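# Fold and contact review
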Amino acid sequence: MKPFVINRYGRIVFPFNFFPALDFSVFETLDQFAAVIKRDFEEKAPTEVDIVARVDARAYNGRYDLLRDLALNLFWVNRYAMTMYEKRPMRWRDVPRQRDDVFLPIFKPWDGGELTSAIESGYRALPPTWDEGTEDKISRILLDVFRHKKGAGAELPAIKPTVSEILANPRNLTYHLLAYDPDYPGYGYDDIIEFAHRVPELEALGRQAMVLHNQYRWDRAKTRVIEVGTRSRSSSAASRPAGASRPAAPRLSRRRRRSHRTRRSTCGDGSPSCRASRRSPCTRARSSAPTTI
């Protein structure tokens, strides 16, 4: 039986549907982990090209179907960040250079501008499925996350390079935050659990959109991808580069996290993070992007 909670409306909610959690104790090799990721994320998610092809072929009957595919694609893009790491933005000058438990995301050049425009136009051309207002709010979150993601997703490795490893090649690309607001709005656990809608499908999709929003909790329009060699020459305190991270143990439930002595943390685009005790907080920064439903 999968763990569940009952929210204030008396509804049974299964958190694992939008807070992906894996039991890492059952994996003996990285190949076993990759097989589960492929089964639970890759095989369920259409690619950006698939979505645009379906839009062009008018294969979607309504807006919900398109939004559902878009959410599946974004969960796949964040498959490692959500199951292994916590993101934490931090100033580049404060990022440890030699630790083996701090990692940075690494990207390949990717421009999704045309794909985003095609998906957005396709969405507007479709009729509402159940609730135009709610569907529009969800679309704003998902399209904003999709528009500003810096990689296609396939290039992301499960184990991110450490800071020293990524600096070995100054031309490696990683995140750079041009500005960072530590109070940037996001969704709390209760906000997500308590979200309700008369249509179960929209209720679930709304929760997934909030979780994806929290994966990039900064002004996404002020994020770029730069060469680490360029960034290492700049020590501007105003810029908040994505931090580093490392594979973490399986996610704990909220109650267990409170009593657990260690926490996971990460930095950057969604890359992994380190373990740190509550007494000595992690030196990396956390990342996610907010939006309101």
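For the structure itself, look to the data block above.
What comes next concerns the included structure. Here the structure is a predicted model, which is why all the values come from computation and not from measurement. (Residues numbered from 1 in each chain as written. Predicted model: local features only at pLDDT ≥ 70, side-chain atom pairs only at ≥ 80, totals over all residues. Heavy atoms only, no water.)

## Quick look at the overall build of the protein
Check the secondary structure of the protein and you find eleven helices and eight strands. Here the protein holds 293 residues, and the buried ones make up 49% of them. Within the protein, contacts between residues separated by at least 24 positions form 81% of all contacts whose residues are at least 6 apart in sequence. Taken as a whole, the protein presents about 14,400 Å² of accessible surface, with 48% of it coming from carbon and sulfur. (Helix = DSSP H or I, 4+ residues; strand = E, 2+ residues; numbered from the N terminus. Buried < 20%, exposed > 50% of the residue type's maximum accessible area, 1.4 Å probe, protein only. Contact = heavy atoms within 4.5 Å. Areas by Shrake-Rupley, 256 points an atom, 1.4 Å probe, with all protein chains shown as cover.)

## With respect to the packing of aromatic side chains
For the structure on display, the rule yields 13 aromatic pairs. On the basis of an interplanar angle of 75° and a centroid distance of 5.9 Å, the ring pair of Phe14 and Phe16 is categorised as edge-to-face. In this structure Phe16 comes out as partly exposed when scored by relative accessible area, which is 32%. Taken together, a centroid distance of 5.2 Å and an interplanar angle of 65° make the contact between Phe18 and Phe19 edge-to-face. The exposure class assigned to Phe18 is buried, which follows from its relative accessible area of 3%. Aromatic rings pair up to connect Phe24, Phe27, Phe33 and Tyr80 into one cluster. Stacked on the ring of Tyr123, the Lys or Arg Arg63 has its end atom at 4.6 Å from the ring centre. (Phe/Tyr/Trp six-rings, centres within 6.5 Å; stacked < 30°, edge-to-face > 60°. Lys NZ or Arg CZ within 6 Å of the ring centre and 35° of its normal.)

## Here we look at the pattern of salt bridges
Two side chains carrying opposite charge are able to pair once their charged atoms lie near each other. Throughout the structure, instances matching the rule amount to 14 salt bridges. Its salt-bridge partner being Arg91, residue Asp94 comes within 2.8 Å of it at the nearest N-O pair. A residue is classified by how much of its surface remains accessible, and Arg91, at 26% relative accessible area, is partly exposed. Close ionic contact of Arg220 with Asp144 constitutes a salt bridge, the shortest N to O distance being 2.5 Å. Taken together, the residues span a long stretch of sequence, with Arg220 in the loop between helix H9 (200-214) and strand S5 (223-227) and Asp144 in helix H6 (residues 132-148) at a distance of 76 residues. Taking relative accessible area as the criterion, Asp144 reaches 21% and is therefore assigned partly exposed. (Salt bridge = Lys/Arg side-chain N within 4 Å of Asp/Glu carboxyl O.)

## Concerning the side chain of Asp101
In this fold, Asp101 is placed in the loop between strand S3 (87-88) and helix H5 (113-125). Among the polar contacts made by the side chain of Asp101, one reaches the side chain of Arg99 at a distance of 2.8 Å. (Polar contact = N/O pair within 3.5 Å; in protein donor to acceptor, adjacent residues only side chain to side chain.)

## Remarks on the nonpolar core
Core analysis: the largest hydrophobic core is formed by 55 residues, its most contacted members being Phe33, Leu66, Leu70, Tyr80, Ile119 and Leu142. The dominant element in this core, judged by the number of residues it contributes, is helix H3 (residues 63-77), at nine residues. Discounting chain neighbours no more than four positions away, the residues touching Ile119 are Ile51, Val52, Leu66, Leu70, Leu143 and Phe146. (Core = buried A, V, L, I, M, F, W, Y, C linked by side-chain atoms within 4.5 Å.)

## Thoughts on the side chain of Thr162
Inspection of the secondary structure assignment puts Thr162 in the loop between H6 and helix H7 (163-167). Look at Thr162 and you get buried, because its relative accessible area is 9%. At 3.2 Å, the side chain of Thr162 and the side chain of Ser164 are in polar contact. In this view, Thr162 contacts Arg99, Asp100, Val102 and Phe103; residues no more than four positions away in its chain are not counted.

## Side note on the environment of Leu70
Along the polypeptide, Leu70 turns up in helix H3. Expressed as a C-alpha distance, the spacing of Leu70 and Leu143, which sit 73 residues apart in the sequence, is 8.2 Å.

## Considering the packing of helix H2 (residues 48-56) against H3
H3 packs onto H2 with a crossing angle of 170° between their chain directions and a minimal axis gap of 10 Å. One finds that H2 runs roughly antiparallel with respect to H3. Mapping the contact onto sequence places Glu48, Ile51, Arg54 and Val55 in H2 and Leu66, Asp69, Leu70 and Asn73 in H3. Of the residues in the contact of H2 with H3, the class split is four nonpolar, one polar and three charged. (Axes fitted to C-alpha atoms, helices over the stretch in contact; angles between N-to-C directions. Parallel < 35°, antiparallel > 145°, perpendicular 65-115°, else oblique. Nonpolar A, V, L, I, M, F, W, Y, C, P; charged D, E, K, R; others polar.)

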